[in-house]
Amino acid sequence: MSEPRIIKKYPNRRLYDTEESRYITLSDIKRLVVEKVDFVVVEKKTGKDITRSIMLQVISEQEQSGEPIMSRDFLSQIIRSYGSAMQGMVGGYLDQSLRLFMSQQQQLRDRVKEVVGLDPVGMVAGIAQKNFQRWKALQEEIFRNFASSRDDDDDRPGSSGRGGKR
């Protein structure tokens, strides 16, 4: 197994990807996680591993934008579990539960693909992409028509360039 990618966190709070030789953002960290790239984030000054802290920042950013995954009550329960005798068990339980959930989701997708012949997630993504392309083409056509109608108005005799209004 290869060594994990090293991300250095500088005192100015910037993250530096040593493999790509560039500064990165939390969005880039999220991309690495989604792509299952093995990485570790270390403080430049101390060499301390702060990967979990950075991942929590990614989660926090995701929870603040869009539809959150974790309810306020769920977060409260997690906070309450810290320092209790059950802390280790709660972490293990949540980890195993999420792994089981993801495994079941994959099994369901595989089963649907087996029966229908299509990956349901891929199919929905494909439909969404086609709809986006159609919307984009329609929007461009509307803008072209709007621009050409303005040009036609500007070309009329006596026009002031503002749709014939003075």
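Every value quoted in this text rests on a predicted model; they were computed, and no experiment measured them. (Residues numbered from 1 in each chain as written. Predicted model: local features only at pLDDT ≥ 70, side-chain atom pairs only at ≥ 80, totals over all residues. Heavy atoms only, no water.)

*Asks:* Before we move on, could you go through the packing of helix H1 (residues 26-34) against helix H2 (residues 51-64) and cite the residues and values that matter?
*Replies:* Remark: H1 packs on H2, axes separated minimally by 10 Å, with the N-to-C direction vectors making an angle of 105 degrees. Taken as axis vectors, H1 and H2 run roughly perpendicular relative to one another. Along the contact surface, H1 presents Leu26, Ser27, Ile29, Lys30 and Val33, while H2 presents Ile54, Met55, Gln57, Val58, Glu61 and Gln62. Classifying every residue of the contact of H1 with H2 by side-chain character gives six nonpolar, three polar and two charged. (Axes fitted to C-alpha atoms, helices over the stretch in contact; angles between N-to-C directions. Helix = DSSP H or I, 4+ residues; strand = E, 2+ residues; numbered from the N terminus. Parallel < 35°, antiparallel > 145°, perpendicular 65-115°, else oblique. Contact = heavy atoms within 4.5 Å. Nonpolar A, V, L, I, M, F, W, Y, C, P; charged D, E, K, R; others polar.)

*Asks:* Any details on the pattern of salt bridges? Residues and values, ideally.
*Replies:* Applying the stated criterion to the full structure yields eight salt bridges. The residue Asp17 makes a salt bridge to Arg5 at a minimum N-O spacing of 2.9 Å. A residue pair is termed long-range when its members are at least 10 positions apart, and Asp17 in strand E2 (residues 15-17) and Arg5 in strand E1 (residues 5-9) qualify at 12 residues. Both residues of the pair, Asp17 and Arg5, count as buried. (Salt bridge = Lys/Arg side-chain N within 4 Å of Asp/Glu carboxyl O. Buried < 20%, exposed > 50% of the residue type's maximum accessible area, 1.4 Å probe, protein only.)

*Asks:* Describe the pairing of E1, and please don't skip the residues or the numbers.
*Replies:* With five bridges joining them, E1 and strand E4 (residues 39-43) adopt parallel strand pairing. The partner of Lys8 across the bridge, within E4, is Val42. Sheet analysis places E1 next to E2, joined by three bridges and oriented antiparallel. Across the sheet, Lys8 pairs through a bridge with Tyr16, a residue of E2. Between E1 and E2, which pair antiparallel one after the other, the connecting turn spans five residues, and Arg13 there sits at a positive phi close to 75 degrees. (Pairing = 2+ DSSP bridges.)

*Asks:* Break down the sheet that holds E2 for me, citing the residues and quoting the values.
*Replies:* As summarised here, the arrangement of the four strands in space is E3-E2-E1-E4, forming an open sheet in which the pairing is mixed. For this open sheet the edge positions go to strand E3 (22-24) and E4, each flanked by a neighbour on one side alone. Adjacent strand axes in the sheet meet at a mean angle of 35 degrees, parallel and antiparallel pairs treated alike. By the bridge criterion, three bridges tie E2 to E3 in an arrangement that is antiparallel.

*Asks:* Please set out the packing of aromatic side chains residue by residue, giving values where relevant.
*Replies:* Geometrically, a pair of aromatic rings is defined through the distance of the ring centres and the angle of the planes. This model, assessed by the stated rule, comprises three aromatic pairs. Between the aromatic rings of Tyr10 and Tyr16, the centroid separation amounts to 6.3 Å while the plane-to-plane angle is 85 degrees, which identifies the pairing as edge-to-face. Judged by relative accessible area, Tyr10 falls into the partly exposed class, the value being 22%. Taking the relative accessible area as the measure of exposure, Tyr16 reaches 22% and is therefore partly exposed. In textbook terms, an aromatic cluster arises when at least three aromatic residues are bridged by ring pairs, as seen for Tyr10, Tyr16 and Tyr23. When the ring centre of Tyr23 is taken as reference, the NZ or CZ atom of Arg14 above it lies at 3.8 Å. (Phe/Tyr/Trp six-rings, centres within 6.5 Å; stacked < 30°, edge-to-face > 60°. Lys NZ or Arg CZ within 6 Å of the ring centre and 35° of its normal.)

*Asks:* Residue-level account of the nonpolar core, with values.
*Replies:* Judged by nonpolar contacts, Ile7, Leu15, Ile24, Leu26, Ile29, Leu32, Phe39, Val41, Ile50, Ile54 and Val58 together constitute the single largest core of 11 residues. Take this core: its biggest share by element is three residues, from H1. (Core = buried A, V, L, I, M, F, W, Y, C linked by side-chain atoms within 4.5 Å.)

*Asks:* If you had to explain the confidence of the model for the protein to someone new, which residues and values would you point to?
*Replies:* Averaged over the protein, the pLDDT score is 85; the fraction of residues at 70 or greater is 89%. The secondary-structure element of the protein with the lowest mean pLDDT is helix H5 (residues 120-155), recorded at 76, while E4 shows the highest, at 97. (pLDDT = per-residue confidence, 0-100.)

*Asks:* Help me get a handle on a nonpolar patch on the surface, residues and values and all.
*Replies:* A surface patch of nonpolar side chains, about 460 Å² in accessible area, is lined by Val115, Val116, Leu118, Met123 and Ile127. Elements supplying a minimum of two residues to the nonpolar patch: helix H4 (87-116) and H5. With respect to the element layout, Ile127 can be found in helix H5. (Patch = residues over 30% accessible without salt bridge, like charges linked within 9 Å, V, L, I, M, F, W, Y side chains within 5 Å. Areas by Shrake-Rupley, 256 points an atom, 1.4 Å probe, with all protein chains shown as cover.)

*Asks:* Give me the lowdown on unusual backbone geometry, citing residues and values where you can.
*Replies:* Note: most residues except glycine have negative phi, and most peptide bonds are trans. One non-glycine residue, Ser21, lies in the positive phi region at around 50 degrees. As for its position among the elements, Ser21 is in the loop between E2 and E3. Positive phi, close to 60 degrees, is recorded for Lys36, a residue that is not glycine. Relative to the helices and strands, Lys36 resides in the loop between H1 and E4.

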